[in-house]
Amino acid sequence: MIDRLDDDGSRLADALARIQREVDAAFSGFLPVPEDARSRLVEAMRYAAIGGGKRVRPLLTVATAAMYAVQRDAAVRAGCAVEAIHVYSLVHDDLPCMDDDDLRHGKPTLHKAFDEATAVLAGDSLHALAFEILSMPETSADPIVRAQLIAALAGASGWNGMAGGQMMDIAAEGQGYDLPTITRLQQLKTGALLGAAVEMGAILGRVPEEGRSHLRYYARDIGLAFQIADDLLDVEGDEAAAGKALRKDEDAGKATFVSLMGVEAARTQANALVTQAVGHLAAHGPEADLLRALARYIVERDR
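What comes next concerns the included structure.

Definitions and limits used
Residues numbered from 1 in each chain as written. Predicted model: local features only at pLDDT ≥ 70, side-chain atom pairs only at ≥ 80, totals over all residues. Heavy atoms only, no water. Helix = DSSP H or I, 4+ residues; strand = E, 2+ residues; numbered from the N terminus. Buried < 20%, exposed > 50% of the residue type's maximum accessible area, 1.4 Å probe, protein only. 1 Å grid on protein atoms, 1.4 Å probe; cavity = no way out; pocket = protein on both sides within 12 Å on 5 of 7 lines; lining within 4 Å. Points joined across faces, edges and corners; volume = space filled by probe spheres on them. Nonpolar A, V, L, I, M, F, W, Y, C, P; charged D, E, K, R; others polar. Contact = heavy atoms within 4.5 Å. Core = buried A, V, L, I, M, F, W, Y, C linked by side-chain atoms within 4.5 Å. Expected span 1.5 Å × (residues − 1). Bend = angle between axes of the 7 residues up to and from the residue. Arc of directions from axis to C-beta. Polar contact = N/O pair within 3.5 Å; in protein donor to acceptor, adjacent residues only side chain to side chain.

## Some words on unusual backbone geometry
Argument step 1. In the Ramachandran plot, Asp-100 falls in the positive-phi region, its phi being about 55° despite a non-glycine side chain.
Argument step 2. Looking at the element boundaries, Asp-100 is found in the loop between helix H4 (72-93) and strand S1 (103-104).
Argument step 3. Residue Arg-206 is not a glycine yet carries a positive backbone phi of 60°.
Argument step 4. Here Arg-206 lies in the loop between helix H9 (179-204) and helix H10 (213-236).
Argument step 5. Assessed through its relative accessible area of 54%, Arg-206 is described here as exposed.

Take a look at the structure:
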């Protein structure tokens, strides 16, 4: 929970509240409801994208970009593109053909609130919206920067990133995955998009590729810590606080960090990863404090 964090906790709470407002306002602007038969689709997109989620990914983009004096509006737009991919993935993951969930962020999943066909189209359209946002000159006046942003997000979203990790997860039931395989699965399914969020902030800041290594290491470590924390919450968490069904992996016989390592070893590993992630920012001063606080928040959150 945020109130258990150190002195950066108040700043982080303010930053999370601000990015949630900004992302909601941006999606509202990106998704005006048309006065024709498409209105149901756009209403579904708004239902999925507005008013839910912690917005950790857009905040990672904004916090990274801020270290390099990027205009905040541009960083928020890029963060919305990352969030659009994240939201589309949740919409599709919740479908009966995937995880078959009824609850997300404490409200009915999109296919329950609307219908399956609309949920598929809404997910598809959010995926397209992400790259539409990145292609806009308002995100960056430099076409090379826009192309790099698109490439980073596309690579993190597809078969060699989030979607590939989800395929590994689908195949995991009853497979007896070992720890290296689970680590690779989660680096793709969860870590790739978190990594893209950080990378895109650096791209906006025109940081050369060879100057981003420490940020990639930071993102790699928080990505694994994030998933271990999720696995711990799945075992120990409260469904009402989480706003979704818990303990589904255990019921499906899927291996997780917790099932393979045990609760205490998993918690120790998550904390070690956060310490390591913060260490990768040692060359930065106070301008990286928000990234440091985000790393700690990842393992101390309660949902």
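## As for the layout of surface pockets
Argument step 1. Quantified by volume, the second largest pocket comes out at close to 510 Å³.
Argument step 2. In this structure, the second largest pocket is lined by 24 residues; those nearest its centre are Ala-192, Gly-195, Ala-196, Glu-199 and Arg-216.
Argument step 3. Elements with a contribution of two residues or more to the lining of the second largest pocket: helix H7 (143-157), H9 and H10.
Argument step 4. A total of 10 residues in the lining of the second largest pocket trace back to one element, the largest contributor, which is H9.
Argument step 5. Along the lines of polarity and charge, the residues of the lining of the second largest pocket split into 9 nonpolar, 9 polar and 6 charged.

## Here we look at the environment of Gln-269
Argument step 1. Among the secondary structure elements, Gln-269 is positioned in helix H14 (residues 263-279).
Argument step 2. For Gln-269 and Leu-224, which are 45 residues apart along the polypeptide, the C-alpha to C-alpha distance reads 9.4 Å.
Argument step 3. Residues contacting Gln-269, with those up to four places away along its chain left out, are Ile-228 and Met-261.

## What to know about the nonpolar core
Argument step 1. If you look at the biggest cluster of nonpolar residues, it comprises 92 residues, and the most contacted ones within it are Phe-30, Leu-60, Leu-153 and Tyr-218.
Argument step 2. Those residues in contact with Leu-153 that lie beyond four places of it in its chain are Ala-81, Val-82, Ile-85, Ala-130, Phe-131, Leu-134, Leu-193 and Met-200.

## Observations concerning H9
Argument step 1. The end-to-end C-alpha distance of H9, which contains 26 residues, comes to 35 Å, matching closely the 38 Å that a straight helix rising 1.5 Å per residue would cover.
Argument step 2. The sharpest bend along H9 measures roughly 50° and falls at Gly-191.
Argument step 3. Burial runs high along H9: 19 of the 26 residues are buried.
Argument step 4. One or two steps after H9, the chain reaches Arg-206, where phi turns positive at roughly 60°.

## Some words on the environment of Asp-99
Argument step 1. Within the element layout of this structure, Asp-99 appears in the loop between H4 and S1.
Argument step 2. Sequence separation between Asp-99 and Ile-170 is 71 residues, and the spatial gap between their C-alpha atoms is 8.8 Å.

## Structural notes on H7
Argument step 1. Taking 1.5 Å per residue as the helical rise, H7 with its 15 residues ought to reach 21 Å, and the 21 Å between its terminal C-alpha atoms agrees with that figure.
Argument step 2. Three or more residues of H7 are buried, namely Val-145, Arg-146, Leu-149, Leu-153, Ala-156 and Ser-157. Down the axis of H7, the smallest arc covering the buried residues is 105°, so these residues share one side. Residues of H7 that are exposed and point over 90 degrees away from its buried face: Pro-143 and Ile-144.
Argument step 3. Close packing links the buried residues of H7 with H4, helix H6 (116-135), helix H8 (162-170) and H9.
Argument step 4. For H7, the side-chain oxygen to backbone nitrogen distance between the N-cap and Ile-144 is 2.8 Å, and the N-cap itself is Asp-142.

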